Amino acid sequence: MSNITVREALQDLAQALAPHSETAPLDAQRALAHLLGRSPAWVLAHPEAYLSSPQVAQLQDWLRRLQTGEPLPYVLGEWEFYGRPFYVTPAVLIPRPETETLVDAALRALSTRPSPRVVDVGTGSGCIALTLALERPGLTVWATDVSWDALQVARRNRARYGLQDRVPLLQASLLEPLAGPWDVVVANLPYIPSMELTHLRVARWEPRLALDGGLEGTWWLRALLAQLPSRLRRPGGHVLLEIAPAQVTALREVVRHHLPKARVEVLSDLAGMPRVLWIRT
Ligand SMILES: C[S@@+](CC[C@H](N)C(=O)[O-])C[C@H]1O[C@@H](n2cnc3c(N)ncnc32)[C@H](O)[C@@H]1O
């Protein structure tokens, strides 16, 4: 045992996280719970407990990394999405709460067909594809990404949830090698305009390949929409795209061009920002 208590460790973690996080005290509880292999509730209930010497050594390594601004999920090596932990490394985007809006909508879209053919484009950690497969036992969800390193992380997450048989992972650009018809296409592709990336802290840590959406941020979304006429089921297909709020009008136009008969609904995330386009053919 060391002479460092849970209370002191929490204070140190919250202090290291404060410059980079609006939820530093909560994140500190989460981090310490991870370190101790306990729940956040246990951490709160045992402020006087002592850390072991190996736990203190680990804590010191984490504090050093957090002070450089490294995001907590990369330090911990995993992050929660839709109530489940997913491994993350700097090869993948850290799963975001706003993407849960996309998953909720996809689950509703999936209910409209008995055995839908589903694909997640730009799967990263695999959080969307694997969550859909976990929420709909029996469903097969294909997943693509251009990044080989990201696919290795998705593979580890797939093994973590025993989904090797139901989530084929493919290195591909968009839907390039995949013939249709797809019933449901979901995608959280890079959508940040290149110029904005220079000012964003995320760009220092998260892969540019996961963030950079070209001049207006819509490059990859436009490219995917252009692939859909030949690959999406029509009528009866669903497409769910995560977008930036400022892109709604431009992307509606692109949808009108490629899928003239489609209906487009805009869904807001938990913060009330337009975040998902739900396109129905
Ligand atoms: C914004 S991240 C989303 C990751 C994950 N789906 C999520 O929601 O957390 C975008 C992902 O798309 C991948 N990507 C970028 N360009 C792509 C392309 N042309 N085809 C397929 N995947 C691409 C990136 O490697 C990255 O993993």
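That block above? That's the structure.
Small disclaimer: the values here were computed from a predicted structure and weren't measured. Chains are numbered independently. Their residues run from 1 in the order of the written sequence. With pLDDT at 70 or above as the cut-off, local features in this predicted model cover only qualifying residues; side-chain atom pairs require 80 or more to be listed or tallied, and sums for whole chains, interfaces and linings still use all residues. In computing side-chain values, all of the structure's heavy atoms are included and hydrogens and water are not.

Caption draft 1: Spotlight on the pattern of salt bridges. Salt bridges are defined by distance alone: a side-chain nitrogen of Lys or Arg within 4 Å of a carboxyl oxygen of Asp or Glu. The full count for this structure, using the stated rule, is 14 salt bridges. We note a salt bridge from Glu206 to Arg96, for which the minimum N-O separation is 2.8 Å. With Glu206 in the loop between α10 (202-205) and α11 (208-211) and Arg96 in the loop between β2 (84-87) and α6 (99-110), the pair connects residues that are 110 residues apart, well separated along the chain. Exposed residues in this analysis have more than 50% of their type's maximum accessible area, buried residues have under 20%, and partly exposed residues fall in between, with area computed by a 1.4 Å probe over protein chains only. Among the residues examined, Glu206 registers a relative accessible area of 5% and is labelled buried. We count a stretch as a helix when DSSP gives it H or I for four or more residues in a row; a strand needs E for two or more, and each element gets its number in order from the N terminus.

Caption draft 2: Region of interest: the environment of Pro73. Locating Pro73 in the fold gives a position in helix α5 (residues 72-76). A relative accessible area of 7% places Pro73 in the buried class. Sequence separation between Pro73 and Glu265 is 192 residues, and the spatial gap between their C-alpha atoms is 32 Å. Only heavy atoms enter the contact rule, under which two residues are in contact if any of them lie within 4.5 Å. Setting aside anything within four residues of it in sequence, one finds Pro73 in contact with Glu78, Trp79, Val88 and Ile94.

Caption draft 3: Region of interest: the site of the ligand. The environment of the ligand is made up of 19 residues, and the closest members are Gly122, Asp145, Leu174, Asn188 and Ala210. Polar contacts, as counted here, are pairs of nitrogen or oxygen atoms within 3.5 Å of one another; within protein the pair requires one atom able to donate a hydrogen and one able to accept it, and residues that are adjacent in sequence qualify only if both atoms are side-chain atoms. Interatomic distance of 2.8 Å between a backbone N/O atom of Gly122 and a nitrogen atom of the ligand. Contact distances for the ligand include 2.9 Å between an oxygen atom and a side-chain N or O atom of Asn188. Reported accessibility uses the Shrake-Rupley method at a 1.4 Å probe radius. Residues are deemed covered only where the shown protein chains occlude them. Protein contacts shield 98% of the accessible area of the ligand, which totals 600 Å² for the unbound molecule. Listing elements by their share of the shell around the ligand, those giving two or more residues are α7 (127-135) and α11. Residue composition of the shell around the ligand, by class: 11 nonpolar, seven polar and one charged. The near set for a molecule or strand comprises every residue that places at least one heavy atom within 4 Å of it. Charged residues are taken to be Asp, Glu, Lys and Arg, nonpolar residues to be Ala, Val, Leu, Ile, Met, Phe, Trp, Tyr, Cys and Pro, and polar residues to be all remaining types, Gly included.

Caption draft 4: Representation of the packing of helix α12 (residues 219-227) against helix α13 (residues 248-258) in the model. As a rule, the C-alpha atoms of each element are fitted with a line to give its axis, helices using only the stretch in contact, and angles between N-to-C directions run from 0 to 180 degrees. Here α12 crosses α13 at 20 degrees, and the two axes come no closer than 9 Å. The angle between the axes of α12 and α13 places the two elements in the roughly parallel class. Where α12 crosses over α13, the handedness of that crossing is right-handed. Where α12 abuts α13, its residues Leu221, Arg222, Leu225 and Ala226 lie against Ala250, Leu251, Val254, Val255 and His258. Grouping the constituent residues of the contact of α12 with α13 by class yields seven nonpolar, one polar and one charged. Oblique is the label for every angle not falling under 35 degrees (roughly parallel), over 145 degrees (roughly antiparallel), or within 65 to 115 degrees (roughly perpendicular). Whether a crossing is left-handed or right-handed is set by the direction in which the near helix is turned from the far one by less than a right angle, anticlockwise for left-handed and clockwise for right-handed.

Caption draft 5: Up close: helix α1 (residues 6-17). By this rule, a helix spans an expected 1.5 Å times one less than how many residues it contains. Helix length check: α1, at 12 residues, gives a terminal C-alpha distance of 16 Å against a target of 16 Å (1.5 Å per residue), a fit within 8%. For α1, every residue scored as buried is listed here: Val6, Ala9, Leu10, Leu13, Ala14, Ala16 and Leu17. For α1, the angular spread of the buried residues around the axis is 160 degrees, confining them to a single face. Against α2 (24-36), α3 (40-45), α4 (53-67) and α5 lie the buried residues of α1. Each direction from the helix axis to a C-beta atom contributes to the arc, which is the arc of those directions.

Caption draft 6: Examining α6 more closely. The end-to-end C-alpha separation of α6 is 17 Å, in line with the 16 Å expected for 12 residues at 1.5 Å each. For α6, every residue scored as buried is listed here: Thr99, Thr101, Leu102, Val103, Ala105, Ala106, Leu107, Ala109 and Leu110.

Caption draft 7: Main features of unusual backbone geometry. Gly180 connects to Pro181 through a cis peptide bond whose omega is 0 degrees. Along the chain, Pro181 falls in the loop between β5 (169-171) and β6 (184-187). Of note, Tyr82 is a non-glycine position whose phi angle comes to about 50 degrees, a positive value. Relative to the assigned elements, Tyr82 resides in the loop between β1 (78-81) and β2.

Caption draft 8: Structural view of the layout of surface pockets. When its volume is computed, the largest pocket comes out at roughly 960 Å³. Space inside and on the surface of the protein is sampled on a 1 Å grid over the protein atoms alone, with a cavity defined as a set of points where a 1.4 Å probe fits but cannot get out and a pocket as an open set with protein on both sides within 12 Å along at least 5 of 7 lines; lining residues have an atom within 4 Å of a point. Taken together, 29 residues make up the lining of the largest pocket; nearest its centre are Thr23, Asp27, Trp79, Arg96 and Pro97. At the level of secondary structure, the elements contributing two or more residues to the lining of the largest pocket comprise α2, α5 and β1. Looking at the lining of the largest pocket residue by residue, the classes come out as 13 nonpolar, four polar and 12 charged. In this document the domain limits rely on a domain assignment from an automatic tool or a database. When residues of the lining of the largest pocket are assigned to domains, at least three map to each of domain 1 (6-76) and domain 2 (92-280). Grid points are joined across faces, edges and corners, and a volume is the space filled by probe spheres set on the points.

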